[in-house]
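# Descriptive structure summary
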Amino acid sequence: MPSKGKHRRPKARSLTRGFIAASTGGAALALPLIGATSATAAQPAAVEKAAPAVAAAAKKAEPKTYSVVAGDSLSKIADARSVSGGWKKLYEDNRQVIGDNPALIHPGLKLTIGAKAEPKAKTPAKAPAERADRSETRTAVTKTTTYANNLDGWIKESLAVMAKHGIPGTYEGIHRNIMRESSGNPMAINNWDSNAVAGTPSKGLLQVIQPTFAAYHVPGTSMDSYDPVANITAACNYAADRYGSIDNVNGPY
């Protein structure tokens, strides 16, 4: 019989898992014991995931259709409707309906305002260079626009120059003022009004005096105030500065 020994009452432990020793013929065997301090194991606390912040962004306006009216120009339309990128962006979005000349828009033409720019096409991979035969010749073809040497051609050429310099104006506005001022005669001159008395007579298609022509001359055109294209572009440049556009001129200016 084993000798009596003093036994200590084991203290309750708060651990959920411990060990107990059992005697097996002198050898101690350590066994895991599930603590009885609670009926069930503690559940892990739920962790809430923070929702990602969403930045507020204004929705882009859907593309709208605008019908051109008399006196309109791309610059005027872009300014009135706050087109981002100005008349050049408006032209890019509507190039298929306007054509190659951004200045040639006419009443009734339907323009899209707010159109999204088409994604740029991916540049195709370059093909391996081939050995060029001596008989092969490659000629660069440059596209040029020719204009008729008449009132219609002068106005169209002037509009092309004006478009490059951001000068507003339409075919109808220019033609209407030319017919009033000179009846389409590029050599017309006024020798009887106050300007003529002051020594600066009005000249050309749009009857421009020399000081005004010099001040509003558009680079790339002739310095001769009688030159039809130079006369028209200088006059339209002056009208844009003073009246907003040649289209807004309906009398002596």
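Fair warning: this is a prediction, and the values are worked out from it, not measured in the lab.

Within the chain, the secondary structure is distributed over 8 helices and 4 strands. Along the chain, helices (α) and strands (β) appear in the sequence β-β-β-α-α-α-β-α-α-α-α-α when read from the amino end. Across the 253 residues that make up the chain, the buried fraction comes to 32%. About 18700 Å² of surface is accessible on the chain, with carbon and sulfur atoms providing 55% of the total.

The next subject is the packing of helix H4 (residues 151-164) against helix H5 (residues 171-181). Where H4 contacts H5, the axes come no closer than 10 Å and their chain directions differ by 130°. By the angle class used here, H4 and H5 are oblique. The way H4 lies across H5 gives a crossing that is right-handed. Residue-level inspection shows Leu151, Asp152, Ile155, Lys156, Leu159 and Met162 of H4 in contact with H5, the latter providing Tyr171, Ile174, His175, Ile178 and Met179.

Attention shifts here to the side chain of serine 202. Within the secondary structure, serine 202 is located in the loop between helix H6 (194-197) and helix H7 (210-216). Note on serine 202: relative accessible area 7%, which makes it buried. If sequence neighbours within four positions are ignored, serine 202 has contacts with Ala188, Ile189, Asn190, Asp193, Asn195, Gln207, Val208 and Ile209.

With that settled, consider the pattern of salt bridges. What the rule picks out here adds up to 4 salt bridges. For arginine 176, the salt bridge is made with glutamate 172, and the minimal N-O distance between the two is 3.2 Å. Of this pair, arginine 176 and glutamate 172 both sit in helix H5, separated by 4 residues, roughly a single helical turn. The exposure class of glutamate 172 is partly exposed, given its relative accessible area of 37%.

This next bit is on unusual backbone geometry. Of note, the phi angle at serine 82 is positive, near 50°, even though the residue is not glycine. Within the secondary structure layout, serine 82 lies in the loop between helix H1 (74-80) and helix H2 (86-93). With a relative accessible area of 64%, serine 82 lands in the exposed category. The phi dihedral of glutamine 207 falls on the positive side, at around 50°, and the residue is not glycine. Tracing the backbone through its elements, the reader meets glutamine 207 in the loop between H6 and H7.

About the cut-offs
Residues numbered from 1 in each chain as written. Predicted model: local features only at pLDDT ≥ 70, side-chain atom pairs only at ≥ 80, totals over all residues. Heavy atoms only, no water. Helix = DSSP H or I, 4+ residues; strand = E, 2+ residues; numbered from the N terminus. Buried < 20%, exposed > 50% of the residue type's maximum accessible area, 1.4 Å probe, protein only. Areas by Shrake-Rupley, 256 points an atom, 1.4 Å probe, with all protein chains shown as cover. Axes fitted to C-alpha atoms, helices over the stretch in contact; angles between N-to-C directions. Parallel < 35°, antiparallel > 145°, perpendicular 65-115°, else oblique. Left-handed = near helix turned anticlockwise from the far one by under 90°. Contact = heavy atoms within 4.5 Å. Salt bridge = Lys/Arg side-chain N within 4 Å of Asp/Glu carboxyl O.

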